[in-house]
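Residue-level structural notes
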Amino acid sequence: MPSRDDAATRDAGDVLRRFRRRFVIADDDLIYLDGNSLGRLPRSTRARLRKVINEEWGGDLIRGWDGWIELARAAGDVLATGVLDARPGEVVVSDSTSVNLFKLAAAALDAQPGRTVIVTDDDNFPTDLYVLAGLASARGCELRVVKTDIDAGVSVDGVAAALDHDTALVSLSHVAYRSGAVADMPAITAAAHDSGAFVLWDLSHSAGSVPVPLRAAAADLAVGCTYKHLNAGPGAPAFLYVREDLQPRLRQPIWGWFGQRDQFEMAPSYDPVDGIERFLVGTPSVLGLSAVLEGARLTAEAGIGPVSAKARALTSYAVELADAWLAPLGFALASPRDPARRGAHVSLHHPQAWQACQALKDARVIPDFRTPDRLRLGFAPLYTRFVDVYDALARLRDIVASGSHVAYPAGRSRVT
Ligand SMILES: *Cc1c(COP(=O)(O)O)cnc(C)c1O
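Residue positions are counted from 1 within each chain, in the order its sequence is given. Given that the model is predicted, a residue must reach a pLDDT of at least 70 before its local features are reported, and side-chain atom pairs must reach 80 or more before they are shown or counted; all residues, however, enter totals for whole chains, interfaces and linings. Hydrogens and water are ignored here; the side-chain numbers use all heavy atoms of the structure.

**Notes on the domain arrangement of the protein chain**
With domains assigned, the protein chain is organised as domain 1 (4-32 + 303-407) and domain 2 (47-302). Using only C-alpha atoms to locate each centre, domain 1 and domain 2 end up separated by 29 Å. With 30 residues of domain 1 in contact, the opposing surface of domain 2 contributes 24 residues. In total, about 2,200 Å² of surface goes out of reach between domain 1 and domain 2, with carbon and sulfur atoms giving 53% of it. Domain borders in the structure are assigned automatically or taken from a domain database. Residue contacts are counted whenever heavy atoms from the two residues lie within 4.5 Å of one another. Throughout, the accessible surface (probe 1.4 Å) given up by two parts as they are put together, summed over both, is called the buried area.

Structure, rendered in C-alpha coordinates:
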(Lines give C-alpha, C1' and ligand atoms only; values in the text may rest on other atoms or scores of the structure.)
Protein backbone atom coordinates (compact mmCIF):
# COMPACT_ATOMS: atom_id res chain seq x y z
CA MET A 1 0.00 0.00 0.00
CA PRO A 2 1.33 3.48 -0.84
CA SER A 3 1.87 5.61 2.25
CA ARG A 4 2.51 9.29 2.82
CA ASP A 5 5.48 8.36 5.04
CA ASP A 6 7.05 6.65 2.08
CA ALA A 7 6.60 9.84 0.02
CA ALA A 8 8.23 11.86 2.81
CA THR A 9 11.17 9.43 2.88
CA ARG A 10 11.66 9.98 -0.84
CA ASP A 11 11.71 13.75 -0.23
CA ALA A 12 14.30 13.36 2.53
CA GLY A 13 16.60 11.60 0.04
CA ASP A 14 16.05 14.10 -2.77
CA VAL A 15 19.33 15.74 -3.80
CA LEU A 16 17.42 18.73 -5.23
CA ARG A 17 15.37 19.28 -2.04
CA ARG A 18 17.00 22.62 -1.26
CA PHE A 19 15.93 24.13 -4.60
CA ARG A 20 12.29 24.47 -3.54
CA ARG A 21 13.38 27.29 -1.22
CA ARG A 22 14.78 29.19 -4.19
CA PHE A 23 11.26 29.89 -5.43
CA VAL A 24 8.53 32.24 -4.26
CA ILE A 25 5.91 29.91 -2.80
CA ALA A 26 3.13 32.07 -1.45
CA ASP A 27 0.93 29.17 -0.39
CA ASP A 28 2.67 25.96 0.66
CA ASP A 29 -0.60 23.98 0.66
CA LEU A 30 -1.42 24.70 -2.96
CA ILE A 31 -0.11 21.82 -5.07
CA TYR A 32 1.12 23.18 -8.36
CA LEU A 33 1.33 20.59 -11.13
CA ASP A 34 1.44 22.98 -14.05
CA GLY A 35 5.06 24.13 -14.01
CA ASN A 36 5.32 22.72 -17.53
CA SER A 37 2.92 25.46 -18.69
CA LEU A 38 4.10 28.30 -16.49
CA GLY A 39 7.00 27.74 -14.09
CA ARG A 40 7.10 29.33 -10.65
CA LEU A 41 8.86 32.60 -9.85
CA PRO A 42 12.50 32.17 -8.70
CA ARG A 43 13.48 34.43 -5.78
CA SER A 44 16.61 35.51 -7.65
CA THR A 45 14.45 36.63 -10.57
CA ARG A 46 12.23 38.73 -8.35
CA ALA A 47 15.33 40.41 -6.91
CA ARG A 48 16.92 40.94 -10.31
CA LEU A 49 13.78 42.39 -11.86
CA ARG A 50 13.48 44.82 -8.95
CA LYS A 51 17.04 45.93 -9.63
CA VAL A 52 16.49 46.22 -13.38
CA ILE A 53 13.39 48.33 -12.83
CA ASN A 54 14.61 50.51 -9.97
CA GLU A 55 18.30 50.98 -10.72
CA GLU A 56 18.80 50.25 -14.39
CA TRP A 57 15.65 51.55 -16.04
CA GLY A 58 14.83 53.97 -13.22
CA GLY A 59 18.37 55.29 -12.78
CA ASP A 60 20.56 54.43 -15.74
CA LEU A 61 17.90 55.15 -18.35
CA ILE A 62 19.28 54.77 -21.90
CA ARG A 63 22.75 54.06 -20.50
CA GLY A 64 21.35 50.71 -19.37
CA TRP A 65 21.78 49.45 -22.94
CA ASP A 66 25.54 49.18 -22.42
CA GLY A 67 24.74 46.06 -20.37
CA TRP A 68 21.36 45.06 -21.80
CA ILE A 69 22.78 44.64 -25.30
CA GLU A 70 24.70 41.55 -24.07
CA LEU A 71 21.75 39.81 -22.40
CA ALA A 72 20.35 37.81 -25.34
CA ARG A 73 23.70 36.19 -25.96
CA ALA A 74 24.58 35.80 -22.26
CA ALA A 75 21.31 33.99 -21.54
CA GLY A 76 21.86 31.89 -24.68
CA ASP A 77 25.30 30.82 -23.51
CA VAL A 78 23.95 29.72 -20.11
CA LEU A 79 21.27 27.69 -21.90
CA ALA A 80 23.79 26.23 -24.36
CA THR A 81 26.26 25.04 -21.77
CA GLY A 82 24.13 24.49 -18.65
CA VAL A 83 20.79 23.24 -19.94
CA LEU A 84 21.18 22.02 -23.53
CA ASP A 85 24.05 20.02 -24.94
CA ALA A 86 25.32 22.85 -27.16
CA ARG A 87 28.35 25.13 -27.45
CA PRO A 88 28.60 28.81 -26.47
CA GLY A 89 27.56 30.88 -29.46
CA GLU A 90 24.99 28.35 -30.68
CA VAL A 91 21.99 29.62 -28.68
CA VAL A 92 20.44 33.07 -28.38
CA VAL A 93 17.27 34.36 -26.71
CA SER A 94 14.73 36.33 -28.74
CA ASP A 95 11.10 36.65 -29.83
CA SER A 96 8.61 33.85 -29.12
CA THR A 97 8.87 30.15 -29.88
CA SER A 98 6.33 30.52 -32.71
CA VAL A 99 8.29 33.37 -34.32
CA ASN A 100 11.63 31.59 -33.92
CA LEU A 101 10.16 28.47 -35.49
CA PHE A 102 9.08 30.55 -38.48
CA LYS A 103 12.50 32.21 -38.76
CA LEU A 104 14.49 28.98 -38.66
CA ALA A 105 12.09 26.94 -40.83
CA ALA A 106 12.16 29.68 -43.47
CA ALA A 107 15.96 29.84 -43.28
CA ALA A 108 16.16 26.07 -43.80
CA LEU A 109 13.86 26.21 -46.85
CA ASP A 110 15.80 29.10 -48.35
CA ALA A 111 19.05 27.16 -47.98
CA GLN A 112 17.67 24.25 -50.05
CA PRO A 113 15.77 25.79 -52.95
CA GLY A 114 15.42 22.51 -54.86
CA ARG A 115 13.54 20.77 -52.04
CA THR A 116 9.87 21.45 -51.45
CA VAL A 117 8.63 19.22 -48.61
CA ILE A 118 8.36 19.89 -44.87
CA VAL A 119 7.75 16.84 -42.67
CA THR A 120 6.08 17.07 -39.26
CA ASP A 121 3.62 14.93 -37.27
CA ASP A 122 -0.01 15.37 -36.27
CA ASP A 123 0.84 15.27 -32.55
CA ASN A 124 3.09 18.31 -32.86
CA PHE A 125 2.05 21.37 -30.85
CA PRO A 126 -0.67 23.35 -32.66
CA THR A 127 1.37 26.54 -33.10
CA ASP A 128 4.08 24.48 -34.80
CA LEU A 129 1.55 22.93 -37.17
CA TYR A 130 0.05 26.34 -37.98
CA VAL A 131 3.40 28.06 -38.54
CA LEU A 132 4.64 25.24 -40.78
CA ALA A 133 1.35 25.13 -42.72
CA GLY A 134 1.48 28.88 -43.24
CA LEU A 135 5.05 28.74 -44.43
CA ALA A 136 4.34 25.81 -46.77
CA SER A 137 1.38 27.69 -48.18
CA ALA A 138 3.37 30.89 -48.75
CA ARG A 139 6.23 29.03 -50.46
CA GLY A 140 4.17 26.56 -52.46
CA CYS A 141 5.68 23.67 -50.46
CA GLU A 142 4.04 20.46 -49.30
CA LEU A 143 3.49 19.95 -45.55
CA ARG A 144 3.67 16.19 -45.04
CA VAL A 145 2.07 15.25 -41.72
CA VAL A 146 3.02 11.87 -40.24
CA LYS A 147 0.34 10.14 -38.13
CA THR A 148 1.50 9.61 -34.56
CA ASP A 149 -0.02 7.77 -31.62
CA ILE A 150 -0.84 10.59 -29.18
CA ASP A 151 0.18 8.54 -26.13
CA ALA A 152 3.29 6.78 -27.45
CA GLY A 153 4.80 9.73 -29.32
CA VAL A 154 6.46 10.11 -32.70
CA SER A 155 8.34 7.05 -33.99
CA VAL A 156 11.59 6.87 -35.94
CA ASP A 157 10.01 4.53 -38.49
CA GLY A 158 7.01 6.81 -39.01
CA VAL A 159 9.23 9.77 -39.77
CA ALA A 160 11.71 7.77 -41.85
CA ALA A 161 8.89 6.52 -44.09
CA ALA A 162 7.91 10.11 -44.90
CA LEU A 163 11.38 11.22 -46.03
CA ASP A 164 12.58 11.48 -49.57
CA HIS A 165 14.97 13.57 -51.66
CA ASP A 166 12.44 16.40 -51.87
CA THR A 167 12.43 16.83 -48.09
CA ALA A 168 13.94 20.13 -47.06
CA LEU A 169 13.03 20.10 -43.38
CA VAL A 170 11.80 17.82 -40.60
CA SER A 171 10.24 19.72 -37.69
CA LEU A 172 9.09 17.92 -34.54
CA SER A 173 8.68 18.37 -30.79
CA HIS A 174 11.30 16.61 -28.70
CA VAL A 175 8.98 16.07 -25.71
CA ALA A 176 5.31 15.80 -26.73
CA TYR A 177 3.17 18.48 -25.10
CA ARG A 178 0.29 16.16 -24.23
CA SER A 179 1.81 12.75 -23.39
CA GLY A 180 5.33 13.82 -22.42
CA ALA A 181 6.74 11.18 -24.80
CA VAL A 182 10.38 11.81 -25.73
CA ALA A 183 11.29 11.52 -29.41
CA ASP A 184 14.49 9.69 -30.38
CA MET A 185 16.43 12.80 -31.37
CA PRO A 186 19.64 11.07 -32.52
CA ALA A 187 17.88 8.44 -34.66
CA ILE A 188 15.39 10.85 -36.26
CA THR A 189 18.09 13.43 -36.92
CA ALA A 190 20.29 10.77 -38.53
CA ALA A 191 17.42 9.56 -40.74
CA ALA A 192 16.69 13.13 -41.87
CA HIS A 193 20.37 13.76 -42.61
CA ASP A 194 20.50 10.56 -44.67
CA SER A 195 17.88 12.07 -46.96
CA GLY A 196 19.67 15.43 -46.99
CA ALA A 197 17.09 17.32 -44.90
CA PHE A 198 17.55 19.71 -41.98
CA VAL A 199 15.91 18.96 -38.63
CA LEU A 200 14.29 21.64 -36.46
CA TRP A 201 13.45 20.50 -32.93
CA ASP A 202 10.96 22.22 -30.62
CA LEU A 203 12.38 21.89 -27.10
CA SER A 204 9.60 23.72 -25.24
CA HIS A 205 8.83 20.83 -22.87
CA SER A 206 12.42 19.49 -22.87
CA ALA A 207 14.53 22.44 -21.76
CA GLY A 208 14.89 22.07 -18.00
CA SER A 209 13.30 18.62 -17.78
CA VAL A 210 15.37 16.12 -19.81
CA PRO A 211 18.83 15.97 -21.38
CA VAL A 212 18.71 17.47 -24.87
CA PRO A 213 21.43 15.79 -26.95
CA LEU A 214 21.81 18.50 -29.61
CA ARG A 215 25.54 18.00 -29.98
CA ALA A 216 25.48 14.20 -29.73
CA ALA A 217 22.71 14.07 -32.35
CA ALA A 218 24.39 16.70 -34.58
CA ALA A 219 21.03 18.49 -34.57
CA ASP A 220 20.76 21.39 -37.00
CA LEU A 221 18.20 23.76 -35.53
CA ALA A 222 16.03 24.10 -32.43
CA VAL A 223 13.67 26.49 -30.66
CA GLY A 224 11.98 26.45 -27.26
CA CYS A 225 10.12 28.25 -24.50
CA THR A 226 11.63 29.71 -21.35
CA TYR A 227 8.44 30.20 -19.33
CA LYS A 228 7.85 26.45 -18.76
CA HIS A 229 10.57 24.44 -16.99
CA LEU A 230 13.02 27.34 -17.21
CA ASN A 231 10.80 29.51 -14.98
CA ALA A 232 11.34 32.81 -16.81
CA GLY A 233 7.78 34.07 -16.39
CA PRO A 234 4.66 34.62 -18.49
CA GLY A 235 5.54 35.53 -22.07
CA ALA A 236 9.31 35.57 -21.46
CA PRO A 237 11.29 35.45 -24.73
CA ALA A 238 12.15 32.11 -26.30
CA PHE A 239 15.49 30.67 -27.39
CA LEU A 240 16.79 29.41 -30.68
CA TYR A 241 19.74 27.16 -31.53
CA VAL A 242 21.65 26.94 -34.80
CA ARG A 243 24.62 24.57 -35.08
CA GLU A 244 27.79 26.58 -35.45
CA ASP A 245 28.84 25.38 -38.91
CA LEU A 246 25.39 26.14 -40.34
CA GLN A 247 25.27 29.74 -39.13
CA PRO A 248 27.12 31.28 -42.09
CA ARG A 249 24.90 29.33 -44.54
CA LEU A 250 21.56 30.40 -43.09
CA ARG A 251 19.70 33.68 -43.29
CA GLN A 252 16.46 34.25 -41.51
CA PRO A 253 13.63 36.07 -43.28
CA ILE A 254 13.10 39.04 -40.94
CA TRP A 255 15.96 41.39 -41.63
CA GLY A 256 16.07 43.46 -38.45
CA TRP A 257 18.72 45.77 -37.09
CA PHE A 258 19.61 43.51 -34.13
CA GLY A 259 20.95 41.00 -36.68
CA GLN A 260 23.03 43.61 -38.46
CA ARG A 261 26.84 43.74 -38.46
CA ASP A 262 27.84 46.86 -36.47
CA GLN A 263 24.25 47.73 -35.67
CA PHE A 264 24.94 51.33 -34.63
CA GLU A 265 26.71 52.23 -37.82
CA MET A 266 23.11 52.64 -39.04
CA ALA A 267 24.06 51.46 -42.54
CA PRO A 268 21.21 51.60 -45.08
CA SER A 269 21.51 48.01 -46.32
CA TYR A 270 21.28 44.73 -44.44
CA ASP A 271 24.46 42.74 -43.87
CA PRO A 272 23.94 40.11 -41.17
CA VAL A 273 26.58 39.74 -38.50
CA ASP A 274 28.56 36.48 -38.32
CA GLY A 275 27.41 34.21 -35.54
CA ILE A 276 24.20 33.45 -33.71
CA GLU A 277 23.16 37.12 -33.37
CA ARG A 278 22.22 37.12 -37.08
CA PHE A 279 19.04 35.33 -35.97
CA LEU A 280 17.95 38.29 -33.83
CA VAL A 281 15.45 40.79 -35.19
CA GLY A 282 14.54 43.83 -33.09
CA THR A 283 14.70 45.34 -29.61
CA PRO A 284 14.15 42.61 -27.00
CA SER A 285 12.20 42.80 -23.74
CA VAL A 286 14.95 43.52 -21.21
CA LEU A 287 12.75 42.49 -18.28
CA GLY A 288 12.01 39.20 -20.00
CA LEU A 289 15.65 38.56 -20.93
CA SER A 290 16.75 39.28 -17.35
CA ALA A 291 14.28 36.67 -16.12
CA VAL A 292 15.50 34.13 -18.70
CA LEU A 293 19.08 34.61 -17.51
CA GLU A 294 18.13 33.95 -13.87
CA GLY A 295 15.86 31.01 -14.69
CA ALA A 296 18.49 29.38 -16.89
CA ARG A 297 21.15 29.86 -14.23
CA LEU A 298 19.00 28.14 -11.64
CA THR A 299 18.50 25.05 -13.80
CA ALA A 300 22.18 25.05 -14.78
CA GLU A 301 23.15 25.20 -11.09
CA ALA A 302 20.96 22.18 -10.28
CA GLY A 303 22.35 20.33 -13.31
CA ILE A 304 20.27 18.66 -15.99
CA GLY A 305 21.42 15.19 -14.81
CA PRO A 306 19.87 15.49 -11.33
CA VAL A 307 16.88 17.41 -12.75
CA SER A 308 16.02 14.69 -15.27
CA ALA A 309 16.64 11.91 -12.73
CA LYS A 310 14.15 13.55 -10.39
CA ALA A 311 11.67 14.03 -13.22
CA ARG A 312 11.82 10.29 -13.88
CA ALA A 313 11.42 9.50 -10.17
CA LEU A 314 8.43 11.85 -9.77
CA THR A 315 6.64 10.65 -12.90
CA SER A 316 7.31 7.00 -11.98
CA TYR A 317 5.86 7.59 -8.54
CA ALA A 318 2.78 9.23 -10.06
CA VAL A 319 2.34 6.26 -12.42
CA GLU A 320 2.68 3.85 -9.47
CA LEU A 321 -0.02 5.69 -7.50
CA ALA A 322 -2.26 6.01 -10.57
CA ASP A 323 -2.03 2.25 -11.16
CA ALA A 324 -2.95 1.54 -7.53
CA TRP A 325 -5.66 4.15 -6.97
CA LEU A 326 -6.93 5.54 -10.25
CA ALA A 327 -6.97 2.64 -12.72
CA PRO A 328 -9.90 1.06 -10.79
CA LEU A 329 -11.78 4.38 -11.23
CA GLY A 330 -11.50 4.41 -15.03
CA PHE A 331 -8.21 6.27 -15.52
CA ALA A 332 -5.62 4.98 -17.98
CA LEU A 333 -2.04 6.13 -18.44
CA ALA A 334 -1.78 8.23 -21.62
CA SER A 335 2.03 8.52 -21.56
CA PRO A 336 4.87 6.03 -22.17
CA ARG A 337 5.37 3.50 -19.35
CA ASP A 338 9.12 3.51 -19.80
CA PRO A 339 10.41 6.39 -17.62
CA ALA A 340 13.34 6.96 -19.98
CA ARG A 341 10.82 7.82 -22.70
CA ARG A 342 9.01 10.50 -20.62
CA GLY A 343 9.63 14.15 -19.91
CA ALA A 344 8.57 15.69 -16.59
CA HIS A 345 4.82 15.34 -17.12
CA VAL A 346 2.33 12.53 -17.53
CA SER A 347 -1.21 12.47 -18.84
CA LEU A 348 -4.11 10.36 -17.66
CA HIS A 349 -7.02 9.51 -19.86
CA HIS A 350 -10.52 9.61 -18.32
CA PRO A 351 -13.86 10.24 -20.04
CA GLN A 352 -14.62 13.00 -17.50
CA ALA A 353 -11.09 14.40 -17.40
CA TRP A 354 -12.24 18.01 -17.83
CA GLN A 355 -14.68 17.78 -14.92
CA ALA A 356 -12.06 16.05 -12.76
CA CYS A 357 -9.63 18.85 -13.67
CA GLN A 358 -12.05 21.53 -12.42
CA ALA A 359 -12.82 19.61 -9.22
CA LEU A 360 -9.13 19.13 -8.55
CA LYS A 361 -8.53 22.89 -8.78
CA ASP A 362 -11.19 23.43 -6.13
CA ALA A 363 -9.37 20.84 -4.02
CA ARG A 364 -6.25 23.06 -4.26
CA VAL A 365 -4.35 21.02 -6.83
CA ILE A 366 -3.52 22.71 -10.16
CA PRO A 367 -3.17 20.37 -13.14
CA ASP A 368 -4.33 21.14 -16.65
CA PHE A 369 -6.57 19.56 -19.24
CA ARG A 370 -5.60 18.67 -22.78
CA THR A 371 -7.98 17.55 -25.52
CA PRO A 372 -9.53 15.13 -26.13
CA ASP A 373 -9.81 13.75 -22.59
CA ARG A 374 -6.48 14.01 -20.84
CA LEU A 375 -5.67 15.27 -17.38
CA ARG A 376 -2.07 16.49 -17.60
CA LEU A 377 0.11 16.50 -14.49
CA GLY A 378 3.43 18.35 -14.61
CA PHE A 379 6.09 17.57 -11.99
CA ALA A 380 8.60 20.39 -12.22
CA PRO A 381 11.67 18.78 -10.63
CA LEU A 382 13.11 21.88 -8.96
CA TYR A 383 10.17 22.45 -6.62
CA THR A 384 7.76 19.51 -6.71
CA ARG A 385 7.91 17.18 -3.71
CA PHE A 386 6.98 13.50 -3.58
CA VAL A 387 4.39 14.37 -0.91
CA ASP A 388 2.82 16.74 -3.46
CA VAL A 389 2.45 13.82 -5.86
CA TYR A 390 0.97 11.68 -3.09
CA ASP A 391 -1.50 14.33 -1.91
CA ALA A 392 -2.56 15.34 -5.42
CA LEU A 393 -3.31 11.81 -6.55
CA ALA A 394 -5.07 11.00 -3.26
CA ARG A 395 -7.33 14.04 -3.73
CA LEU A 396 -8.05 13.04 -7.32
CA ARG A 397 -8.90 9.50 -6.15
CA ASP A 398 -11.29 10.81 -3.48
CA ILE A 399 -13.01 13.22 -5.91
CA VAL A 400 -13.63 10.62 -8.60
CA ALA A 401 -14.53 7.86 -6.10
CA SER A 402 -17.20 10.13 -4.59
CA GLY A 403 -18.43 11.31 -8.01
CA SER A 404 -18.28 14.96 -6.92
CA HIS A 405 -16.60 16.00 -10.19
CA VAL A 406 -19.74 15.35 -12.26
CA ALA A 407 -21.32 18.46 -10.74
CA TYR A 408 -18.83 20.56 -12.78
CA PRO A 409 -19.61 21.83 -16.29
CA ALA A 410 -18.79 19.39 -19.08
CA GLY A 411 -18.11 22.20 -21.60
CA ARG A 412 -14.55 23.56 -21.75
CA SER A 413 -13.61 27.09 -20.70
CA ARG A 414 -11.48 29.37 -22.92
CA VAL A 415 -8.19 28.49 -21.19
CA THR A 416 -7.61 24.93 -20.04
C1 LIG B 1 4.28 25.94 -25.17
C2 LIG B 1 4.73 25.57 -26.53
C3 LIG B 1 4.87 26.53 -27.54
C4 LIG B 1 4.44 27.94 -27.30
O5 LIG B 1 4.85 28.83 -28.28
P6 LIG B 1 4.70 30.41 -28.02
O7 LIG B 1 5.15 31.02 -29.26
O8 LIG B 1 5.50 30.72 -26.80
O9 LIG B 1 3.25 30.67 -27.71
C10 LIG B 1 5.37 26.12 -28.77
N11 LIG B 1 5.71 24.83 -28.99
C12 LIG B 1 5.56 23.88 -28.04
C13 LIG B 1 5.96 22.46 -28.32
C14 LIG B 1 5.06 24.22 -26.79
O15 LIG B 1 4.91 23.29 -25.86
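**Observations regarding helix H8 (residues 185-194)**
The set of residues buried in H8 consists of Met 185, Ile 188, Thr 189, Ala 191 and Ala 192. One side of H8 carries all its buried residues, which in axial view fall inside an arc of 160 degrees. Tucked into the core, H8 has its buried residues touching helix H7 (156-162), strand S5 (167-173) and strand S6 (198-202). Between N or O atoms, a polar contact is any pair within 3.5 Å; within protein, one atom must be a potential hydrogen donor and the other a potential acceptor, and residues adjacent in sequence are included only when both atoms are from side chains. Per the convention used, a helix needs a DSSP run of H or I reaching at least four residues, while a strand needs a run of E reaching at least two, with both numbered from the N terminus. Two to three positions downstream of the cap, the backbone nitrogen of Ala 187 sits 3.2 Å from a side-chain oxygen, assigning the N-cap of H8 to Asp 184. Gly 196 lies just past H8 and shows a positive phi near 85 degrees. Whether a residue is buried, partly exposed or exposed follows from its accessible area with a 1.4 Å probe, protein chains only, as a fraction of its type maximum: under 20%, in between, or over 50%, in that order. Think of it as the arc spanned by the lines of direction from the helix axis to the C-beta atoms.

**Considering helix H12 (residues 386-402)**
Helix length check: H12, at 17 residues, gives a terminal C-alpha distance of 24 Å against a target of 24 Å (1.5 Å per residue), a fit within 8%. Summarising burial for H12: 12 of the 17 residues are buried, a large majority. Where H12 terminates, the next one or two residues include Gly 403, which has phi positive at roughly 80 degrees. Between the first and last residue of a helix there are one fewer steps than residues, each counted as 1.5 Å, and that sum is the expected span.

**Focus: the packing of helix H11 (residues 353-362) against H12**
The contact between H11 and H12 brings their axes to 10 Å, and the two run at 120 degrees. Considering their axes alone, H11 and H12 lie oblique with respect to each other. In this structure, H11 crosses over H12, and the sense of that crossing is right-handed. In contact with Ala 356, Ala 359 and Leu 360 of H11, H12 contributes Ala 392, Arg 395, Leu 396, Ile 399 and Val 400. Think of it as three bins: nonpolar holds Ala, Val, Leu, Ile, Met, Phe, Trp, Tyr, Cys and Pro, charged holds Asp, Glu, Lys and Arg, and polar takes everything else, Gly as well. Among the residues making up the contact of H11 with H12, the classes are represented as 7 nonpolar, no polar and 1 charged. Here an angle of 0 to 180 degrees is reported between the N-to-C directions of two axes, which are lines fitted to C-alpha atoms, with helices fitted over the stretch in contact. Each angle is binned into one of four classes, with values under 35 degrees roughly parallel, values over 145 roughly antiparallel, values of 65 to 115 roughly perpendicular, and all other values oblique. Each helix crossing is assigned a hand: it is left-handed if the near helix lies turned anticlockwise from the far helix by less than a right angle, otherwise right-handed if that turn is clockwise.

**Some points on the site of the ligand**
Any residue with a heavy atom positioned within 4 Å of a molecule or strand is treated as near that molecule or strand. Of all residues adjacent to the ligand, which total 13 residues, the nearest are Ser 98, Asp 202, His 205, Tyr 227 and Lys 228. A distance of 3.2 Å is found between an oxygen atom of the ligand and a side-chain nitrogen or oxygen belonging to His 205. Here an oxygen atom of the ligand and a side-chain polar atom of Tyr 227 are 2.6 Å apart. A 1.4 Å probe and the Shrake-Rupley method give the accessible areas. Residues count as covered only by the protein chains that appear here. Surface burial for the ligand is 86%, taken as the share of its 390 Å² of free accessible area covered by protein chains. Looking at the shell around the ligand, the elements with two or more residues in it are helix H5 (97-110) and helix H6 (126-139). The residue inventory of the shell around the ligand, partitioned by class, reads 3 nonpolar, 7 polar and 3 charged.

**A word on the nonpolar core**
Definition of nonpolar core: a set of buried residues of the types Ala, Val, Leu, Ile, Met, Phe, Trp, Tyr and Cys, connected through side-chain atoms within 4.5 Å. Judged by nonpolar contacts, the single largest core of 76 residues is most densely connected at Leu 79, Leu 84, Trp 201 and Leu 214. Ranked by residue count, the leading element in this core is H5, at 7 residues. Counting 35 residues, the second largest nonpolar core, distinct from the first, contains Ala 7, Ala 322, Leu 377 and Val 400.

**Focus on unusual backbone geometry**
For the bond from Thr 371 to Pro 372, the omega torsion is 0 degrees, close enough to zero to count as cis. Of note, Pro 372 is situated in the loop between strand S12 (368-370) and strand S13 (374-378). Within the chain, Ala 218 stands out as a residue other than glycine whose phi angle is a positive 55 degrees. Tracing the backbone through its elements, the reader meets Ala 218 in the loop between S6 and strand S7 (221-224). Judged by relative accessible area, which is 32%, Ala 218 ranks as partly exposed. Its identity is not glycine, yet Asp 262 carries a phi of approximately 45 degrees, on the positive side. Turning to its location among the elements, Asp 262 is positioned in the loop between strand S8 (238-242) and helix H9 (286-302).

**Regarding the sheet that holds strand S3 (residues 117-121)**
In this scheme, strands are said to pair when DSSP sees at least two bridges between them. A sheet is described by the order of its strands in space; here 7 strands give the open sequence S2-S8-S7-S6-S5-S3-S4, paired in mixed fashion. The sheet is open, and its two edges are formed by strand S2 (91-94) and strand S4 (142-146), each paired on a single side. Each strand of the sheet is rotated relative to its neighbour by a mean of 20 degrees, with strand direction disregarded. Bridge analysis of S3 against S5 gives 3 bridges, and the strand direction is parallel. Paired with Val 117 across the two strands is Thr 167, which belongs to S5. Against the sheet, H8 contacts S5 and S6, and its axis sits at roughly 150 degrees relative to S6.

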